[in-house]
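Results of the structural survey
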Amino acid sequence: MRPVFLIVLALISQASLADSPPLERQQALLELLHQDCGSCHGMTLQGGLGPALLPSALEGKSALMLTATILQGRPGTAMPPWSSLLTQQEAEWLVTQLKQPAPPQDANRH
Amino acid sequence: MRNQNLNNFRYFLVCLMATVFLVSLPRAPLADVRGTGDLGLVVERTSGSLTAINSTTRRAVGKITGLGDLSHASLVYSPDERYAFVFGRDGALTKVDVLENKIVKRVEQAHNSVGGAISQDGRLIATSNYDPGGVRVFSADTLEKVADIKAEYGDGQLAKVVGLVDAPGQKFVFSLFEAGEIWTADLHDPKNPKIQKFKAGKEPYDALISPEGRYYIAGLFGEDGLALLDLWNSDAGIRKIVPEYAKNDPKLPVFKMPHLEGRALVGDYWFLPAVGHHEMLVIDRREWKVVRRIPLDGQPVFVIPRPDERQIWVNFALPDNDKLQVIDTRDLSVVQRLTPGKAVLHMEFTPKGQEVWVSARDDDQVLVYDTETFREMARIPAEKPSGIFFTARAHRLGL
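Residues numbered from 1 in each chain as written. Chains lettered and ligands numbered in written order. Predicted model: local features only at pLDDT ≥ 70, side-chain atom pairs only at ≥ 80, totals over all residues. Heavy atoms only, no water.

**Let's talk about the overall build of chain A**
The secondary structure content of chain A amounts to five helices and zero strands. In sequence order, chain A lays out its α and β elements as α-α-α-α-α. Scored against the burial criterion, the 110 residues of chain A give a buried share of 41%. Contacts spanning at least 24 positions in sequence make up 56% of the contacts within chain A whose residues lie at least 6 apart. Of the accessible surface of chain A, which amounts to about 6300 Å², a share of 65% is contributed by carbon and sulfur atoms. (Helix = DSSP H or I, 4+ residues; strand = E, 2+ residues; numbered from the N terminus. Buried < 20%, exposed > 50% of the residue type's maximum accessible area, 1.4 Å probe, protein only. Contact = heavy atoms within 4.5 Å. Areas by Shrake-Rupley, 256 points an atom, 1.4 Å probe, with all protein chains shown as cover.)

**Quick look at the overall build of chain B**
Within chain B, the secondary structure is distributed over two helices and 34 strands. Since a compact globule built from 399 residues should have a radius of gyration of about 21 Å, the 24 Å found for chain B is in line with a globular shape. Expressed as lengths along the three principal axes of its C-alpha atoms, the size of chain B is roughly 100 × 50 × 40 Å. Residues counted as buried form 58% of the 399 residues belonging to chain B. In chain B, once contacts between residues fewer than 6 apart in sequence are set aside, the share between residues at least 24 apart is 42%. Surface accessibility of chain B: about 17100 Å² in total, with carbon and sulfur atoms responsible for 51%. In chain B, 50 positive and 52 negative side-chain charges are present, and the distance between their average locations comes to 4 Å. (Rg over C-alpha atoms; globule rule 2.2 N^0.38 Å. Lys, Arg positive; Asp, Glu negative; His and termini not counted. Charge placed at Lys NZ, Arg CZ, Asp CG, Glu CD.)

**Comments concerning the interface of chain B and chain A**
Between chain B and chain A, the residue contacts involve 25 residues of the former and 26 residues of the latter. Its largest share of buried area at the contact with chain A, chain B owes to Thr46, Phe255 and Leu318 of chain B, together 26% of the area lost on that side. Applying the counting criterion to the chain B and chain A interface returns two salt bridges. Taking the shortest distance from any N to any O, the salt bridge between Arg361 of chain B and Asp36 of chain A comes out at 3.3 Å. Here chain B and chain A share seven residue pairs in polar contact (both at pLDDT 80 or more) between them. By residue class, the composition of the side of chain B that touches chain A is nine nonpolar, five polar and 11 charged. (Buried area = accessible area lost by both parts, 1.4 Å probe. Salt bridge = Lys/Arg side-chain N within 4 Å of Asp/Glu carboxyl O. Polar contact = N/O pair within 3.5 Å; in protein donor to acceptor, adjacent residues only side chain to side chain. Nonpolar A, V, L, I, M, F, W, Y, C, P; charged D, E, K, R; others polar.)

**Quick look at the side chain of Lys95 of chain B**
Residue and element names in this part refer to chain B. Tracing the chain through its elements places Lys95 in strand 6 (residues 92-97). No salt bridge forms around the buried Lys95; measuring N to O, its nearest opposite-charge neighbour Asp141 is 4.3 Å away. Separated by 3.1 Å, the side chain of Lys95 and the backbone oxygen of Asp141 make a polar contact. With residues near it in sequence (within four places) discarded, Lys95 still touches Tyr83, Ala84, Phe85, Lys102, Ile103, Val104, Lys105, Ala140, Asp141 and Leu143.

**A closer look at the pattern of salt bridges**
Residues and elements named next belong to chain B. This structure, assessed with the given rule, holds 29 salt bridges over all chains. Residue Arg285 is joined to Asp268 by a salt bridge in which the shortest nitrogen-to-oxygen separation is 3.4 Å. Taken together, the residues Arg285 in the loop between strand 24 (279-284) and strand 25 (289-295) and Asp268 in the loop between strand 22 (264-266) and strand 23 (269-273) connect sequence positions 17 residues apart. What makes Arg285 partly exposed here is its relative accessible area of 26%. Among the ionic pairs, Asp364 bridges to Lys384, the shortest N-O distance being 4.0 Å. Residue Asp364 is located in the loop between strand 31 (355-360) and strand 32 (365-370), and its partner Lys384 is located in the loop between strand 33 (376-381) and strand 34 (385-390); the two are separated by 20 residues in the primary sequence. Lys384 sits in the buried class, given a relative accessible area of 5%.

**Digging into the sheet that holds strand 10 (residues 133-139) of chain B**
Residues and elements named next belong to chain B. Sheet architecture is open: four strands sit in the order 8-9-10-11, paired in antiparallel fashion. Each edge of the open sheet carries a strand with a single partner, namely strand 8 (112-118) and strand 11 (145-150). Here the average twist between neighbouring strands, direction ignored, is 20°. As judged from the six bridges shared by strand 8 and strand 9 (residues 124-131), these two strands associate in the antiparallel manner. When the sheet's bridge partners are listed, Asn112 is paired in strand 9 with Asp131. (Pairing = 2+ DSSP bridges. Axes fitted to C-alpha atoms, helices over the stretch in contact; angles between N-to-C directions.)

**What about the environment of Ile70 of chain A?**
Residue and element names in this part refer to chain A. Considering the arrangement of structural elements, one finds Ile70 in helix 4 (residues 63-72). Overall, Ile70 belongs to the buried group, its relative accessible area being 13%. Once the C-alpha coordinates of Ile70 and Trp93 are considered, the two residues, 23 residues apart in sequence, prove to be 11 Å apart. The residues touching Ile70, leaving out its near neighbours within four places in the chain, are Met79, Pro80, Pro81, Trp82, Leu86, Ala91 and Val95.

**Section: the environment of Leu33 of chain A**
All names here are of chain A. You can see Leu33 is positioned in helix 2 (residues 23-41). We classify Leu33 as buried; its relative accessible area is 2%. The spatial distance from the C-alpha of Leu33 to the C-alpha of Leu58 is 15 Å, given a sequence separation of 25 residues.

**Description of helix 4 of chain A**
Residues separated by three or four positions in an α-helix point in the same direction, a consequence of the helix having 3.6 residues per turn. Residues and elements named next belong to chain A. Where helix 4 is concerned, the buried positions are Leu66, Thr67, Thr69, Ile70 and Leu71. Elements in contact with the buried residues of helix 4: helix 3 (55-58) and helix 5 (88-99). Of the residues trailing helix 4, Gly73 is marked for its positive phi of about 70°.

**Section: the pairing of strand 16 (residues 181-186) of chain B**
Residues and elements named next belong to chain B. Extensive coverage of strand 16 is indicated by the burial of six of its six residues. Burial along strand 16 is two-sided: Glu181, Trp183 and Ala185 facing one way and Ile182, Thr184 and Asp186 facing the other are all buried. The sheet contact formed by strand 15 (residues 171-176) and strand 16 spans six bridges and is antiparallel. Following the sheet pairing, Leu176 is matched in strand 16 by Glu181.

Keep in mind these values describe shape, not function.
As structure tokens, this is what we get:
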């Protein structure tokens, strides 16, 4: 049990020290964004059951608030809390991606 | 005598012409004459394409490209099983020839769309739209628009339309997410749909119609329970059913909305996915009461009966979306657990249920299982596959 715990601890501290998630994880996060967030926000993030998450739609909304929305969800709406699957740093990184002028494209899109 | 000669000569000429005609006919079309009953289509959500499949040979038999954004796309079949009508997320409606694997016609009918249905008589296609919220109806033949039903509520806002199905009596039935309403539209006169509206409850997110076409059941996201409309007695209005389930225990985050169109009705029992719980509900349809809650390994998304009703297959939302569970309907025990691959999005049984086809989105493949032995029978490559649809759906109400 103990070694596992230590490894987990090491992973967590490593993750929270770095500025952005490791490259491989970034790829997985983009995939998650388009495919799984996409099941509500649309694969191209132009909106579905949830609102559009394109840069124009998020203009003027604070990164802090958006990160909190991702991690804690919006109670009373269909937006679920993602804190069991995403770290603070990963959510922040996703918000940076979302706010970038050109919407992020995952490698598999053509 | 002369006459006889002439007749012989004529006979000779006719034979000659027939021979020339037959020999000059291209052979391929004759050789290719076939039915479509064992064909199907797999939606490839990211590349906007479809892979055509054959359930007899367990092979991909074609590819159709250029369909736009197919995330959450679904499709329905014409009564002759020749054409598929594909509903794209980007609002496009595409008519596809299943035999020739090509697009016949395509219209951009809305900005954001979530599905559709084909009328009882097969002549009308209805689309379920988020933006602009409403239902649009098209000629199945030409894809020309014949009716536009705006999902208006409150002070003229438009609601997102979900859970659109066809029903007996040339009707479409659908739910309005923000408005919390269920509407029926009678299209006997396609240009003048007759609409009936019902208050359903908070945020209907998807719906099903029972296989015989009598009950329309909408799942509610904004409150516990389901909204039931008996189409044989619609004047009685909506009945809220099983509101008591899961009142006390906290819900888990719902990363993916369950789908209800698996519509598992086995004998007198409905098997439905519970929202935000690792379980499936068993509801006695005579009293509409939850009689059992079957614990599962994750939050169910699709709950689908094998056509002979001996088994129920379930897939799951994140983070358990690599699994499948199979429940035996005789004793409600779990008879099998499978891990077909990453992001298992959909399952489709062959019409008589001997095999099930499963899409594993993030592994880029479709897997075929024997439902008796659970042996893997084939793997078919597909790009980010989601929905799988066999042509036999053409003859089932509400699919």
